[in-house]
Amino acid sequence: MDEGTRLRVTTSMLALCLLLGTVGLLGSSWQVEGDETRASLRTLYMDVGGGCQLIVEQTEMGDCKRGMWAVAWSDMCEFDSDFCGMDTAGTVAKIFLWPGVLLSLLSLLFAVSPTMRNRWEQVKLPDRGKTILQWAPGTLILLGFVLWMLFTPSEATSAFDLGFSAYAMIMAGLLGLGSTVLDNFEINVNITRREEQSG
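Computed from a prediction, not measured in an experiment: that's the story for all the values here.

1. Remarks on the sheet that holds strand 6 (residues 161–162)
Sheet architecture is open: six strands sit in the order 4-5-3-2-1-6, paired in antiparallel fashion. Each having just a single partner strand, strand 4 (63–65) and strand 6 make up the two edges of the open sheet. In this structure, strand 1 (residues 31–33) lies alongside strand 2 (residues 37–39), joined through three bridges in antiparallel fashion. Considered in strand 2, the bridge of Gln-31 is made with Ala-39.

As structure tokens, this is what we get:
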């Protein structure tokens, strides 16, 4: 694979990583139960028919969004500790997911902007530091997802199925790591060829 093709492929993978990561992070379908119930990292959405406003008035919690009752997990902590667990899981996940998505944006800018790439190469950081930053987007995204799964109460895991947002985040993490692997592999191949030619 020549340098131009490699750059286009890795850039495309980073762009998809950023797109899917954003969709997953902001999405409302991390968990789903049929067509009536779904949940984001911090909020539960329930289809209650036409009685949404009545439920909001009676419970004094949440609000109505597109005909669904939307209530934060944290607002329901007093009723069940599992709700608090869901809120904790979402909070912990976001601590890793947000930096992962933002670093994927930064990596994409480096890939598409020669000026930024040249400036990055001139930054006086240890090689280990640059390597860590290169692997960070995909690693942080996948780590955030794994921690979310670990912190999610077992009752919720058994009651809900993974939704589109969760799968989008998994794909984002894999694409982020894949772009780094491809980039490093090509660099190693080029170095090996140069060493063979010089020998």
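There's more to say after this.
2. Thoughts on the pairing of strand 5 (residues 68–72)
Burial of strand 5 is extensive: four of the five residues sit out of reach of the surface. Bridge count for strand 3 (residues 43–47) against strand 5 is five bridges, and the pairing is antiparallel. Paired with Tyr-45 across the strands is Ala-70, a residue of strand 5. Looking at chain direction, strand 4 and strand 5 are connected through three bridges and run antiparallel. Opposite Lys-65, over in strand 5, you have Met-68 as the bridge partner. The antiparallel pairing of strand 4 with strand 5 creates a hairpin that spans two residues between the two strands, and Arg-66 there sits at a positive phi of about 55°.

3. Regarding the state of the cysteines
Within this structure, the stated rule accounts for two disulfides. The disulfide that involves Cys-77 links it to Cys-84, with 2.2 Å between the sulfurs. Note on Cys-77: relative accessible area 24%, which makes it partly exposed. In this structure Cys-84 comes out as partly exposed when scored by relative accessible area, which is 26%. Cysteine pairing for the chain, with bonded cysteines counted in sequence order: 1-2, 3-4.

4. Details of the nonpolar core
The biggest cluster of nonpolar side chains holds 21 residues, and the ones touching the most others in it are Leu-25, Trp-30, Leu-41, Leu-97, Ile-141, Trp-148 and Met-169. Among the secondary structure elements, those contributing two or more residues to this core are helix 1 (3–26), helix 3 (81–112), helix 5 (127–151) and helix 7 (164–198). Here this core takes six residues from helix 3, the largest share from any one element. Look past the residues within four positions of Trp-148 in its chain and what remains in contact with it is Trp-30, Gln-31, Leu-41, Ala-89, Gly-90, Ala-93 and Leu-162. In this structure, Ala-39, Leu-44, Cys-52 and Trp-73 belong to the second largest nonpolar core, which totals twelve residues.

5. Observations regarding unusual backbone geometry
You will see that Glu-60, though not glycine, has its phi angle at about 55°, which is positive. Residue placement: Glu-60 occurs in the loop between helix 2 (52–59) and strand 4.

6. Examining helix 1
With 24 residues, helix 1 should reach 34 Å at 1.5 Å per residue; the first-to-last C-alpha distance of 34 Å fits that figure. Of all the positions in helix 1, only Arg-6, Thr-10, Thr-11, Met-13, Leu-14, Cys-17, Leu-18, Gly-21, Gly-24 and Leu-25 are classed as buried.

7. Focus on the pattern of salt bridges
Under the counting rule described, the total for this entry stands at one salt bridge. Two residues, Asp-87 and Arg-42, come together in a salt bridge whose shortest N-O distance is 2.8 Å. Residue Asp-87 is found in helix 3, and its partner Arg-42 is found in the loop between strand 2 and strand 3; the two are separated by 45 residues along the sequence.

8. Overview of the side chain of Ser-29
Locating Ser-29 in the fold gives a position in the loop between helix 1 and strand 1. Classification of Ser-29 by relative accessible area gives buried; the value is 16%. For Ser-29, the side chain forms a polar contact with the side chain of Ser-165, separated by 3.1 Å. Among all residues touching Ser-29, those that are not within four sequence positions of it are Arg-38, Ala-39, Gly-163, Phe-164, Ser-165 and Ala-166.

9. Overview of the pairing of strand 3
For strand 2 and strand 3, the ladder comprises three bridges, and the chain directions are antiparallel. Bridge pairing in strand 3 places Arg-38 opposite Tyr-45. Once strand 2 ends, the chain turns through three residues before running back antiparallel as strand 3.

Cut-offs applied
- Residues numbered from 1 in each chain as written.
- Predicted model: local features only at pLDDT ≥ 70, side-chain atom pairs only at ≥ 80, totals over all residues.
- Heavy atoms only, no water.
- Pairing = 2+ DSSP bridges.
- Helix = DSSP H or I, 4+ residues; strand = E, 2+ residues; numbered from the N terminus.
- Buried < 20%, exposed > 50% of the residue type's maximum accessible area, 1.4 Å probe, protein only.
- Disulfide = S-S within 2.5 Å.
- Core = buried A, V, L, I, M, F, W, Y, C linked by side-chain atoms within 4.5 Å.
- Contact = heavy atoms within 4.5 Å.
- Expected span 1.5 Å × (residues − 1).
- Salt bridge = Lys/Arg side-chain N within 4 Å of Asp/Glu carboxyl O.
- Polar contact = N/O pair within 3.5 Å; in protein donor to acceptor, adjacent residues only side chain to side chain.

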